[in-house]
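A closer look at the structure
For reference, the chains in residue letters:
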Amino acid sequence: MAAPVNIIVGSHVWVEDPELAWIDGEVFKISGEEVHVQITNGKTAVANISKIFPKDTEAPPGGVDDMTKLSYLHEPGVLHNLAMRYELNEIYTYTGNILIAINPFQRLPHLYDTHMMEQYKGAAFGELSPHVFAVADVAYRAMINEGKSNSILVSGESGAGKTETTKMLMRYLACLGGRSGVEGRTVEQQVLESNPVLEAFGNAKTVRNNNSSRFGKFVELQFDKNGRISGAAVRTYLLERSRVCQISSPERNYHCFYLLCAAPPEVREKFKLEDPSSYHYLNQSGCYALDGVDDAQEYLATIRAMDIVGISEEEQEAIFRVVAAILHLGNIEFAKGAEVDSSVIKDEKSRFHLNMTAELLKCDIKSLEDALIKRVMVTPEEIITRTLDPVAAVGSRDALAKTVYSRLFDWLVDKINFSIGQDPNSKQLIGVLDIYGFESFKSNSFEQFCINFTNEKLQQHFNQHVFKMEQEEYTKEEINWSYIEFVDNQDVLDLIEKKPGGIIALLDEACMFPKSTHETFAQKLFQTFKNNKRFIKPKLSRTSFSISHYAGEVTYLADLFLDKNKDYVVAEHQDLLTASKCSFAAGLFPPAAEESSKSSKFSSIGSRFKLQLQSLMETLNSTEPHYIRCVKPNNALKPAIFENANIIQQLRCGGVLEAIRISCAGYPTRRTFYEFLHRFGVLAPEILEGNHDDKVACEMILDKMGLKGYQIGKTKVFLRAGQMAELDARRAEVLGNAARTVQRQIRTYIARKEFVKLRKAAIVLQSNCRGILACKMYEQLRREAAALKIQKNFKRYIARDSYLTVRLSAITLQTGLRAMTARDEFRFRKQTKAAIIIQAALRCHIAYSYHKSLQKAVITTQCGWRRRVARRELRKLKMAARETGALKEAKDKLEKRVEELTWRLQLEKRLRTDLEEEKAQEIAKLQDALHAMQMQVEEANARVIKEQEAARKAIEEAPPIIKETPVIVQDTEKVNSLVAEVESLKASLLSEKTAAEEARNACTDAEARNAELAKKLEDSDRKVDQLQDSVQRLEEKLANSESEIQVLRQQSLAISPTGKSLTTRQRTMIIPRTPENGNVINGEVKTPLSQNTTLAISNVREPESEDKPQKSLNEKQQENQDLLIKCISQNLGFSGSKPVAACVIYKCLLHWRSFEAERTTVFDRIIQTIASAIDVQDNNDILAYWLSNSSTLLLLLQHTLKASGAASLTPQRRRAAAASLFGRMSQGLRASPQSAGLSFLNGRGLSSRLDDLRQVEAKYPALLFKQQLTAFLEKIYGMIRDNLKKEISPLLGLCIQAPRTSRASLVKGRSHANAVAQQALIAHWQSIVKSLNRYLNITKANHVPPFLVHKVFTQIFSFINVQLFNSLLLRRECCSFSNGEYVKAGLAEIEKWCYEATEEYAGSAWDELKHIRQAVGFLVIHQKPKKTLSEITKELCPVLSIQQLYRISTMYWDDKYGTHSVSSDVIANMRVMMTEDSDNAVSSSFLLDDDSSIPFTVDEISKSLQRVDIADVEPPSLIRENSGFGFLLPRSD
């Protein structure tokens, strides 16, 4: 990172500052090697030119997400970039493939919700904003694609957020590779749930962090061949055992001690626990509680976590028994004994704690006391027991406490691993290393030595990885990199771990000698490493030594190195706990194996840790590493505080600056050809104007500038350190000259503008003077002309006034005469009109009275006749119903009748002519007779009425009684005569009615017979075929009736009606309705009912019997169903706009009474057919076809089916009523009293109309079929929607970011560049429009209901809105002014499509794009700094949340005009509002979620669609000729 030498006056630079580390300013004077800088805070600084660094004035205001993109990759540039991003709550930043995570010390839930996880799944590294999920995704994809294990190394100092980052990594990896566990919990859940247990026993409060991990943790997630998590293991390193016995203020001991002291009273009573301040191991520090943490609640949470991990209640009690024993053990104090160098228990209080310790560990009290104050030495001659002095006894006590706690922690880790389970067949893993960072305190001991040794190892691994990445980058770009030097720290590692002369080896050697002390150990180090440049001896200390680590110099105190390095267990302690009656405590200390040699008895922490570290490094070397460096921004642990000096130190300790040094050793500045030409093309415009390749143009510019040592890769330009600053200086010079040229031209323009202004003023003054003179002359001429005009007008006024007086008199006279004439004419017309109205009313009354009387008589006659015919028919039907074998005889006789009709055809042909003549004569005769009868009836009625009126008048006019007897006799005779006459008239009326009925019957019979014969003569062959089909249908009906009779209880009641219906059905097939024999002729109502019915019954009773094999009902129904399934499996197309398949299915199901069946398989077969048809998910034509059919069929079912359960009739009664002729008549009469009679007389009562949608009581199979059909409708809808999403998803990725302008556009001008880019972008949007049009045409061609099409496009537009908006928020390069213009132009294409697609199909889909529309509108508005927060939230972007607005505002950059985003006050207000809402995790998310639910219900479909008329739907050819589907043929009225 050497400073550049091309610093000139006016350059913006970075200068070192004791408080802020680095501060920016502008050079105003250069004196040799000294540079005078005007700092931004107003002060002046003087620095050596080698210690200042150039500042990039064109850096984005929000920083860059990858610091390799910085123009100047040096320490102040990195620090400034991190500070700018942290100010915007951008806590993640890349340095190549290294992620730097700065702890925000506040909740940012929007960064870690499921929406964010979905965005990073499968996204290329660097495509989206930096995130911990991106690192985890890269590791997972690399493992899946390359089959190699990966590791993620999370490092940082205490409080930097390593543990939280590890949790986020685990969550994301669990999301990618999770699957259900055996017992309902997944492997990754168990790993995450183990964190509270490990934190309770392995974390403690330190100076820098309230929840610092005092051990290293490496979590191995094992994956199977399918990429699913199959197992896991937790490895721990170097638990800080000394913390159990020694802590300093304001730190705390491990959390578990405080949790147990805050346990419920019964638990504390069991273990005889008191306040934490009562225990020696806890009261060494004055800190007992943490801010915002309730230890009692944490105790319960730990218990729950233990339950989840699989630790039983007995084991939990044993664990806390051991923890309580350690607390009591620490309170045992010793005093000098009677003998020399002996000790005893100090007092009764200590005795109490000794007893409690023995009770909790379930060991002998005397044995415990001896183990603490005595030692046994075994010699070949004898066993010697010696006592320990109080100081040694305290050391023995603390050693026991540390050993027990260490064994307890190891047991917990083993238990967690056993509970989680490991996959022995796993070949791939992802390891997450959460380990302590580099530590340097005022007092550093053995723990810091081991921690820093670990970090030296990891730093070497990190340096090698960074160097490897640099090599891969250079190799990919095919440039020369052989002379790059690699910075290595192997000398420090040799100093620490080399055998036999390393520090660890010397420490182990000192520990093996009983007489060694910390002073002798320190002197040994001074003698051994006196010439080592990494080892430093302090001047004022005899037991301290310093090591120059990669992160700086650290001084260690060797006072406790020997004690802390010893790892062997005291034999007395081992024997004591092995003999414990507590199985758990005894299990922590299994019996030691017999040692074969004396040397194997010694064990040290340093050697064991070195072996663990070596194993860890082997694991890391076998995996592909990924690095996350966690940084703590301040020591106050508060948000929004960025301490530069602290962060610089952490960057050094984390190796980030070391990685930058490696990059600077090669080519720290890398720019793509486009970026290089865009920035430095002004240095050589003639090269840009030439037709050169981008690579050649870049090389020509560099050669022109005289730079040496650069490299040209395949896609990038690689510059050495300082060359970027030199190019920027040249560029600043060129731009300065251009600015002076512009200024000169502007000044010329201003001077000329002033001259033109003066000249124009003189001309205006002259013009005004001349104008005044002309005005005066004009005024004089105007006055003369005005006098002449006044005279002329006055004379004209006098003449006109005289004329108007004469004219008014004439008009008044004419008006009077004309008014008198008009009044006379009006009076005459009024009288004439009144007379006409009176006449018309009278004539209307006379005609209406006559019509009503005539109509009443006709209706009376018809009703009587119909009642007589109906009764006669009813008697015949009842007689037929009583005959048990009537149905079989009807079948046989009908077959014989068919044979008879065959040979009678020829005879009937010869009689045709005679019959026609006879028919005409007979009809005329009968009509005359009927007319005469009607006249006689009317005359008779009139006579009766007249006689009644005469009698009434005679009675009223009778004189008063004078002579009683004669008058009575006379009146009685008169009344009797009138009564007799009335009776005779009634008899004659009855005879006339009888004659009229007989004539009408004869006429009807003749007409029916003649019509039948005429039709038979026209097409004899077709008649025979129809009769045969009728016979087959009769057989089917007969079998159907027999099957139903077997199921129902009352068998005999249903036989005759069914037979009657079959006969009637056969009759209707023989006599089709034609204009010749139709039902309505010239408005007269005629019916062949009586004759047809009688003929059918007589044919049934004709004696003939013929035995034929009869098909079973099930076989016939199966054949019909097979044919239907075969038919609908084909594309039947549409009839008009109605889908044929849906109509055919509905008609068949309705005719077969499938909806009312308790059991049937036809529904399942139809569903299976639809399911097999839509298996081809990519064929949208088929999907649209079935979407149209399923929606139509569902609509028909919705209007037809009603839930069963309210039926009042038995099944037999309902069937009989529906099957018999009069049953159908009664149904029609009940359903529609107004139209029943007319429809029956028209012949519609002879066949049930399928065209009319009538409700039926549906059984369970039908209702289930409706539900399944609804599910398939939703499935097909979702498939069409998802196919369209899949098709436009790749295009959306191209539409969100504007294409870059070509190199030629840099010269030709911005307008041309915009035109080219606009054309390229619109091509992508037009592709989306083409997809939308294609889908719209497909749905229209298949007549999909517009309601469903509207819903599809509404959800598609919502998907477009979500994808574009989320991409805009996650990719900073998209939040630019020009990109906003491009996206806005593309949205205009979508809006145009919505207008062309019409409201019926597009509907409100355009409104779904409100988020991206408002966001783009915000990007392209000018003068953003002048906008207030109220204007932005209420007028510009009312839909967007504060989090979304904050994200856009902070990521915005203007690449076109160089304008700025909103003001800092608005940003601050947004941040305050976000902080207030930080507790609401839902509102904090700035990403949108795509709604993939079904946005409609069956009722909504039913309400939105029109009723379907299926009457005129033609059946397909496959079933049109089949007799079993004759009911599908359309019937003409």
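Small disclaimer: the values here were computed from a predicted structure and weren't measured.

1. So, a positive patch on the surface
A contiguous patch of positive charge on the surface is contributed by Lys-789, Lys-792, Arg-796, Arg-800 and Arg-807. Positionally, Lys-792 belongs in helix 26 (residues 723-882). The class for Lys-792 is exposed, based on a relative accessible area of 54%.

2. With respect to the sheet that holds strand 11 (residues 216-223)
One open sheet accounts for seven strands, arranged 6-7-21-8-17-11-12; its pairing is mixed. Each of the sheet's edge strands pairs with one partner strand only, and the pair in question is strand 6 (92-95) and strand 12 (229-237). Pairwise comparison of adjacent strand axes, ignoring direction, gives a mean angle of 20 degrees for this sheet. Most of the contacts of helix 1 (residues 75-87) go to strand 6, to which it runs at about 155 degrees, and overall it touches strand 6 and strand 7 (98-102). Of the strands in this sheet, strand 6, strand 7, strand 8 (150-155), strand 11, strand 17 (428-434) and strand 21 (624-631) touch helix 3 (residues 132-146), which is tilted by about 155 degrees from strand 8.

3. Examining the pairing of strand 12
The buried fraction of strand 12 amounts to eight of the nine residues, a majority that puts the element mostly inside the structure. The pairing of strand 11 with strand 12 spans eight bridges and is antiparallel. Paired with Glu-220 across the strands is Ala-233, a residue of strand 12. Adjacent in sequence and paired antiparallel, strand 11 and strand 12 are bridged by five residues, among which Gly-227 carries a positive phi angle near 80 degrees.

4. Section: helix 8 (residues 295-309)
For helix 8, spanning 15 residues, the distance from its first C-alpha to its last is 20 Å, which sits close to the expected 21 Å at 1.5 Å a residue. Where helix 8 is concerned, the buried positions are Asp-295, Tyr-299, Thr-302, Ile-303, Ala-305, Met-306 and Val-309. On an axial view of helix 8, the arc spanned by its buried residues comes to 160 degrees, and they lie on one face. Looking one or two residues past helix 8, Gly-310 carries a phi angle of roughly 115 degrees, positive in sign.

5. Examining unusual backbone geometry
The residue Lys-272 is not glycine, and still its phi comes out positive at about 55 degrees. A relative accessible area of 36% means that Lys-272 is categorised as partly exposed. Within the chain, Lys-362 stands out as a residue other than glycine whose phi angle is a positive 55 degrees. Considering the arrangement of structural elements, one finds Lys-362 in the loop between helix 10 (348-361) and helix 11 (365-373).

6. Some thoughts on the pairing of strand 3 (residues 34-39)
Consecutive side chains of a regular strand alternate in pointing toward one face of the sheet and then the other. Bridging between strand 2 (residues 21-31) and strand 3 involves six bridges; their strand directions are antiparallel. Its bridge partner being in strand 3, Gly-25 is matched across the sheet by Ile-39. Both strand 3 and strand 4 (residues 44-48) contribute to a ladder of five bridges, which runs antiparallel. Residue Val-35 lies in a different strand from strand 4, and its bridge partner there is Ala-47. The hairpin formed by strand 3 and strand 4 contains four residues between the paired strands, and Gly-42 there has a positive phi angle of roughly 100 degrees.

7. Points about the environment of Leu-1294
When you line up the elements, Leu-1294 lands in helix 40 (residues 1260-1295). A relative accessible area of 44% means that Leu-1294 is categorised as partly exposed. In this structure the C-alpha to C-alpha distance between Leu-1294 and Trp-1325, which are 31 residues apart in sequence, comes to 8.9 Å.

8. A few points about the sheet that holds strand 3
Read from one edge to the other, the open sheet built from five strands follows the order 4-3-2-1-5, with strand pairing classed as antiparallel. Two strands lie at the open edges of the sheet, namely strand 4 and strand 5 (53-54), each paired on one side alone. Looking at chain direction, strand 1 (residues 12-17) and strand 2 are connected through six bridges and run antiparallel. Note that in strand 2 the partner of Trp-14 across the bridge is Asp-24.

9. A short note on the packing of helix 34 (residues 1140-1151) against helix 36 (residues 1180-1200)
Where helix 34 meets helix 36, the axes come as close as 8 Å, and the angle between the chain directions of the two elements is 35 degrees. Crossing of helix 34 against helix 36: the hand is right-handed. Residues Ala-1141, Ala-1142, Ile-1145, Tyr-1146 and Leu-1150 of helix 34 form the contact with helix 36, whose own contacting residues are Tyr-1185, Asn-1189, Thr-1192, Leu-1193, Leu-1196, Leu-1197 and Thr-1200.

10. As for the environment of Gln-723
You can see Gln-723 is positioned in helix 26. Here Gln-723 falls in the buried class, since its relative accessible area comes to 7%. Spatially, the C-alpha atoms of Gln-723 and Gly-709 are 9.2 Å apart, while their sequence positions differ by 14 residues. Residues contacting Gln-723, with those up to four places away along its chain left out, are Leu-707, Lys-708, Gly-709 and Tyr-710.

11. Describing the confidence of the model for the protein chain
For the protein chain, mean pLDDT is 79; residues scoring 70 or higher make up 84% of the total. In the predicted structure, residues 1046-1111 sits below a pLDDT of 50 and forms 130 contacts with residues beyond four places in sequence or in another chain. Predicted confidence is poor over residues 1302-1311, with pLDDT under 50, and the contacts of this stretch with residues over four places away or in other chains come to 17 contacts.

12. Some details on the packing of aromatic side chains
For the structure shown, the criterion picks out 35 aromatic pairs. Note on Tyr-94 and Phe-125: the rings are 4.5 Å apart at their centroids and 45 degrees apart in plane angle, and the pair reads as tilted. Taken together, the residues Tyr-94 in strand 6 and Phe-125 in the loop between helix 2 (114-120) and helix 3 connect sequence positions 31 residues apart. With a relative accessible area of 2%, Tyr-94 lands in the buried category. With a centroid separation of 6.4 Å and an interplanar angle of 40 degrees, the aromatic rings of Tyr-1146 and Phe-1155 are classed as tilted. We note that Tyr-1146, like Phe-1155, is buried. An aromatic cluster is built from Phe-446, Phe-449, Phe-521, Phe-526, Phe-529, Phe-535, Phe-545, Tyr-556 and Phe-561, whose rings are joined through pairwise contacts.

Quick notes on the rules
- Residue indices begin from 1 for each chain and proceed along its sequence in written order.
- Thresholds applied to this predicted model are a pLDDT of at least 70 for local features of residues and 80 or more for the giving and counting of side-chain atom pairs; totals over whole chains, interfaces and linings are not thresholded and use all residues.
- To obtain the side-chain values, all non-hydrogen atoms of the structure were used and water was disregarded.
- Exposure above 30% relative accessible area and the absence of a salt bridge qualify a residue for a patch, where like charges join within 9 Å and nonpolar side chains (Val, Leu, Ile, Met, Phe, Trp, Tyr) within 5 Å.
- Surface accessibility follows the Shrake-Rupley procedure with a 1.4 Å probe radius. Residue values consider only the protein chains on display as shielding.
- Basic side-chain nitrogens of Lys or Arg form a salt bridge, by our definition, when they fall within 4 Å of a carboxyl oxygen of Asp or Glu.
- Neither His nor the chain termini are counted; the positive set is Lys and Arg, and the negative set is Asp and Glu.
- Just so you know, the charge point we use is NZ for Lys, CZ for Arg, CG for Asp and CD for Glu.
- Helix and strand assignments come from DSSP, with helices taken as H or I runs of at least 4 residues and strands as E runs of at least 2, each series counted from the N terminus.
- Burial status follows relative accessibility: with a 1.4 Å probe on protein chains alone, a residue under 20% of its type maximum counts as buried, one over 50% as exposed, and anything between as partly exposed.
- When DSSP locates at least two bridges between a pair of strands, those strands are taken to pair.
- Here, axes are lines fitted to C-alpha atoms. For helices the fit covers the stretch in contact, and angles between N-to-C directions go from 0 to 180 degrees.
- Throughout, a residue-residue contact means that at least one pair of heavy atoms, one from each residue, lies within 4.5 Å.
- How far a helix is expected to stretch is found by multiplying one less than its residue total by 1.5 Å.
- Summarising the geometry, the arc corresponds to the directions from the helix axis toward the C-beta atoms.
- Each crossing gets its hand from how the near helix is turned against the far one by less than a right angle, where anticlockwise is left-handed and clockwise is right-handed.
- Note: pLDDT gives the predictor's confidence per residue, expressed from 0 to 100.
- Centres within 6.5 Å make a pair out of two Phe, Tyr or Trp rings, where for Trp the six-membered ring is used; the pair is then stacked when the planes are under 30 degrees apart, edge-to-face when over 60, and tilted otherwise.

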